[in-house]
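Examining the three-dimensional arrangement
Chain by chain, the residues run as shown.
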Amino acid sequence: GRLGGQVGDAVRLATPGLTVTASSGNGSYTVSWTAAPVATRYQLEEQVNSGAWATIHDAAGLSKVFNDKPAASYGYRVRACSATACGSVSPASVVEVQLPPTDAPTLSAPATGLNGSFTVNWNSVAAATRYQLEERQGAGAWATILDGPGSSQAISGKAAGDWSYQVRGCNAVDCGPVSAIASVNVVLAPTATPTLTAPASNYTGSYSLSWTAVATAVRYELEERLDAGAWSNVHNAAATTKAVAGRTAGSWSYRVRGCNDAGCAPYSAVQATLVTLAPTAAPTVTAPATNYSGSYPVSWTTVAAATTYAVEQQFNGGAWTELQNVAAGSLAVSGQASGSYGYRARGCNAGGCGPYSAVGTTQVTLPPASAPSPTAPASSSTGDFTVSWNTVAAATSYQIDEQVNGGVW
């Protein structure tokens with residue numbers, strides 16, 4: 001009799017209709033089913049990720065509430081039971097539990113973004129199917145610049161300044177926590193050119209250059225060249241001045257540009273300094289060793305870089321006096337008195353004068369300028385008498401002429 005009753009109950013137990021109502025993605029939902037005649041309880045089975053079925057409810061209720069289920073694929077089926085038998089299980093219903101990501105990505109970005117181009121990267125986080133990347137300039141508002149898959153984003157065309165970034169993982173349910181902020185200092189190459197100042201002329205080979213500062217430049221590249229030669233770098237530092245020394249004679253040209261890690265601006269206009277150094281060699285002076293008229297030439301050789309020659313004279317070992325300072329290579333002297341004359345010369349230009357030459361000496365000896373006055377007795381009775389005369393300047397000997405009875409001397 002009991003067996004017949006069980007078989008009858010099983011035949012009368014209809015299969016319940018199963019429904020699943022999921023909540024808004026927080027792992028909470030309700031599984032419910034319809035009532036079956038004769039049923040006094042219901043067996044609800046659950047399958048996790050295609051695993052084995054397990055009974056999780058065996059009671060009289062018509063629904064089962066789930067809260068905080070972890071992310072997974074959940075299958076459900078139900079059957080009606082009486083006190084003595086159970087009917088067939090319903091078709092399975094599946095609920096996919098998808099939770100927002102719980103971890104924040106780790107974001108990395110370069111400290112400096114040269115010329116406004118760089119890449120930010122982040123690691124993937126569990127349950128994320130896409131990522132929202134946000135940026136802001138300075139202390140401005142955040143703006144989303146990416147909402148999609150991937151783990152990096154190339155950035156370009158950013159203005160100079162500080163740019164900040166944060167990212168979070170998202171899925172169809174919601175987004176997880178944002179990452180720590182990564183900041184990038186965008187550095188653009190300078191665009192302005194300095195104004196360079198250089199002396200127009202110099203006579204020592206040592207002088208200073210200066211230039212104006214330009215925005216965003218952290219260093220300056222200064223180049224120089226001699227005449228039409230090749231440019232060479234003589235300064236690559238933050239200072240806006242440069243002292244140069246030891247420059248040889250010639251035209252030295254300069255140009256400067258501002259630079260930073262992102263690059264350099266165009267060069268400034270070229271400025272030139274004409275270096276003129278005093279001659280370094282001494283001429284060779286030529287003067288006659290002796291002269292008997294007081295008029296004679298003095299000459300000297302040319303020396304490199306000299307534009308004029310300063311010629312000096314000394315008389316009998318006395319003080320030197322300058323006779324001329326012109327471009328000529330010789331000098332005609334005249335009207336010299338008897339004595340010893342020394343001559344020296346040196347080459348000069350706008351930068352100064354070089355060393356003196358060795359001294360050239362001329363001994364001038366002029367004929368006596370006055371006549372002696374002879375004295376003789378008016379008569380002599382013996383034929384013996386003395387003739388005398390006074391001395392005259394510059395005479396070293398005296399010639400005595402005699403005339404007899406008006407004859408020839």
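Residues numbered from 1 in each chain as written. Predicted model: local features only at pLDDT ≥ 70, side-chain atom pairs only at ≥ 80, totals over all residues. Heavy atoms only, no water.

This next bit is on the overall build of the chain. Counting secondary structure elements, the chain contains 1 helix and 36 strands. The C-alpha atoms of the chain give 59 Å as radius of gyration, which overshoots the globular expectation for 409 residues (22 Å, by more than 25%). Per-residue burial for the chain yields a buried fraction of 34% across its 409 residues. Only carbon and sulfur atoms are counted for the fraction: they give 53% of the accessible area of the chain, which is about 21,500 Å². On the chain, the mean spot of the 19 positive side-chain charges and the mean spot of the 22 negative ones are 21 Å from each other. (Helix = DSSP H or I, 4+ residues; strand = E, 2+ residues; numbered from the N terminus. Rg over C-alpha atoms; globule rule 2.2 N^0.38 Å. Buried < 20%, exposed > 50% of the residue type's maximum accessible area, 1.4 Å probe, protein only. Areas by Shrake-Rupley, 256 points an atom, 1.4 Å probe, with all protein chains shown as cover. Lys, Arg positive; Asp, Glu negative; His and termini not counted. Charge placed at Lys NZ, Arg CZ, Asp CG, Glu CD.)

So, about the environment of Ala 85. Looking at the secondary structure, you find Ala 85 in the loop between strand 6 (72-81) and strand 7 (93-97). Given a relative accessible area of 12%, Ala 85 falls into the buried group.

Now for the environment of Cys 175. Within the fold, Cys 175 resides in strand 15 (residues 175-178). Using a relative accessible area of 17% as the deciding quantity, one classes Cys 175 as buried. Put simply, Cys 175 and Thr 102 are 73 residues apart on the chain and 8.6 Å apart in space, counted from C-alpha to C-alpha. Ignoring any residue separated from it by four or fewer positions in sequence, one finds Cys 175 in contact with Pro 100, Pro 101, Arg 130, Gln 132, Arg 168, Gly 169 and Cys 170. (Contact = heavy atoms within 4.5 Å.)

Quick look at the packing of aromatic side chains now. Here the structure, examined in full by the defined rule, presents 12 aromatic pairs. Ring centres of Tyr 29 and Tyr 74 lie 6.4 Å apart, and the angle between their planes is 50 degrees; this geometry places the pair in the tilted category. Residue Tyr 29 is found in strand 2 (residues 29-33), and its partner Tyr 74 is found in strand 6; the two are separated by 45 residues along the sequence. The residues Tyr 29 and Tyr 74 share a single accessibility class, namely buried. Ring plane angle 50 degrees and centroid distance 6.1 Å describe the contact between Trp 122 and Tyr 131, whose orientation is recorded as tilted. Among the residues examined, Trp 122 registers a relative accessible area of 5% and is labelled buried. Through a chain of ring-to-ring contacts, the aromatic side chains of Tyr 29, Phe 66, Tyr 74 and Tyr 76 assemble into a single cluster. (Phe/Tyr/Trp six-rings, centres within 6.5 Å; stacked < 30°, edge-to-face > 60°.)

Let's shift gears to the sheet that holds strand 19 (residues 207-211). Strand order in the open sheet made by the 3 strands is 17-19-22, with antiparallel pairing throughout. What marks the edges here is a single partner per strand, and that holds for strand 17 (196-197) and strand 22 (241-244). Across 4 bridges, the pairing between strand 19 and strand 22 is antiparallel. Considered in strand 22, the bridge of Ser 208 is made with Ala 243. (Pairing = 2+ DSSP bridges.)

We now examine the side chain of Glu 221. Relative to the helices and strands, Glu 221 resides in strand 20 (residues 219-226). In this structure the side chain of Glu 221 is engaged in a polar contact, spanning 3.0 Å, whose partner is the side chain of Arg 219. Reaching out from Glu 221, the side chain makes a polar contact with the side chain of Arg 257 at a distance of 2.9 Å. Ignoring any residue separated from it by four or fewer positions in sequence, one finds Glu 221 in contact with Asn 233, His 235, Asn 236, Arg 255, Val 256, Arg 257, Cys 259, Cys 264 and Tyr 267. (Polar contact = N/O pair within 3.5 Å; in protein donor to acceptor, adjacent residues only side chain to side chain.)

Attention now moves to the pairing of strand 34 (residues 360-364). Burial of the side chains of strand 34 is restricted to one face: Gly 360, Thr 362 and Val 364 are buried, whereas none of Thr 361 and Gln 363 on the reverse face is. In this structure, strand 27 (residues 290-291) lies alongside strand 34, joined through 2 bridges in parallel fashion. In the sheet register, Thr 290 faces strand 34, and the bridge partner there is Gln 363. Of the strand pairs in this sheet, strand 32 (residues 339-349) and strand 34 are connected by 5 bridges, and their pairing is antiparallel. Each bridged residue has a counterpart across the sheet, and for Gly 339 the counterpart in strand 34 is Val 364.

For the rest of this paragraph, the subject is the pattern of salt bridges. Going through the model one piece at a time under the given rule, you end up with 10 salt bridges. Between Asp 147 and Arg 130 there is a salt bridge; the shortest N-O distance is 2.6 Å. Here the residue Asp 147 occupies a position in strand 12 (residues 143-148), and Arg 130 occupies one in strand 11 (residues 130-137), the gap between them amounting to 17 residues. Exposure remark for Asp 147: the relative accessible area of 44% places this residue in the partly exposed category. Here Glu 135 ties to Lys 158 by a salt bridge, and the two come within 2.8 Å at their closest N and O atoms. Here Glu 135 is found in strand 11, whereas its partner Lys 158 is found in the loop between strand 13 (152-155) and strand 14 (161-170), with 23 residues between them in sequence. Via salt bridges that share partners, Arg 219, Glu 221 and Arg 257 belong to a single interconnected network. (Salt bridge = Lys/Arg side-chain N within 4 Å of Asp/Glu carboxyl O.)

Our focus in this paragraph is the state of the cysteines. For the structure on display, the rule yields 4 disulfides. In this model Cys 170 forms its disulfide with Cys 175; the gap between the sulfur atoms is 1.9 Å. One quick way to see it: the torsion about the S-S bond of Cys 170 and Cys 175 is about 105 degrees, and its sign makes the bridge right-handed. In this pair, the class of Cys 170 matches that of Cys 175, namely buried. Here Cys 348 is linked by a disulfide to Cys 353, with a sulfur-sulfur distance of 1.9 Å. Taking the sign of the S-S torsion, 105 degrees for the link of Cys 348 and Cys 353, the bridge is right-handed. A residue is classified by how much of its surface remains accessible, and Cys 348, at 3% relative accessible area, is buried. In the chain, the bonded cysteines, numbered by position in the sequence, are linked as 1-2, 3-4, 5-6, 7-8. (Disulfide = S-S within 2.5 Å.)

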